[in-house]
Amino acid sequence: MSGDFTFTTSGTTGTGIAARYPGDVGIETDSNVVFVEQFDEGSLNNLFVRWTDINNGSAMSFSSDVPARSPGPSSLVIPWIGGGASTGGHLYKLLSPGVDDTLYLRYYIKYATTANYTHSGVWMGGYNPPLSWPNPQAGIKPTGTDRFSGSAEPSSTTRM
């Protein structure tokens, strides 16, 4: 993940939150912003205390490769190498109190052009009761009151 990671409870287009904070500078001070991660804490330990669950944190690192016009100096590298060398990792944030309204998410991510990614990107969801770790339960239909999840993941097709 790179640049910033922002959860908000109101729209981010037109005259919304993003329009009021070009380059996201100062966005964390807006009362409608629930959580911001800019990966500028200086150490991984300082980053990890802001998250509820971390998987494979020892493989993560900071990088100076950030999006153009990024307000921050760093991005977070979560490496993924197939064959069991590194299965990636995650940062999971339990929002407390929970959000019972519309939640918007903006994030920036950079993928290597030579890799084939599986289950990488961003997931957002909720659990009833709340959980301190991700538990998407792929292939099991929710009851309608126990959980929900949504994700944005890359997909590619190779044609021969």
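Throughout this description, residue numbers start from 1 for each chain and increase along the sequence as written. At least 70 in pLDDT is required for a residue's local features to be given in this predicted model, at least 80 for side-chain atom pairs to be given and counted, and no such filter applies to totals for whole chains, interfaces and linings, which use all residues. Values shown for side chains rest on all heavy atoms present in the structure; no hydrogens or waters enter the calculation.

S.K.: What is the right way to read unusual backbone geometry from this model?
M.R.: As a rule of thumb, non-glycine residues mostly have phi less than zero, and peptide bonds are mostly trans rather than cis. Following serine 96, the chain continues to proline 97 via a peptide bond in cis, the omega torsion being 0°. Numbered from the N terminus, helices here are DSSP runs of H or I no shorter than four residues, and strands are runs of E no shorter than two. For proline 97, the location among the structural elements is in the loop between β8 (90-92) and β9 (104-108). Looking along the chain, the bond that leaves asparagine 128 and enters proline 129 is cis, with omega of 5°. Mapped onto the elements of the fold, proline 129 is located in the loop between β10 (122-127) and β11 (147-152). The phi angle at phenylalanine 39 is positive, at roughly 55°, despite the residue not being glycine. Summarising the element assignment, phenylalanine 39 is placed in the loop between β2 (33-37) and α2 (44-48). Exposure classes here rest on a 1.4 Å probe applied to the protein chains alone. A residue is buried below 20% of its type maximum, exposed above 50%, and partly exposed in between. Assessed through its relative accessible area of 0%, phenylalanine 39 is described here as buried. One non-glycine residue, glutamine 137, lies in the positive phi region at around 55°. Inspection of the secondary structure assignment puts glutamine 137 in the loop between β10 and β11. Accessibility expressed as a relative area gives 28% for glutamine 137, which makes it partly exposed.

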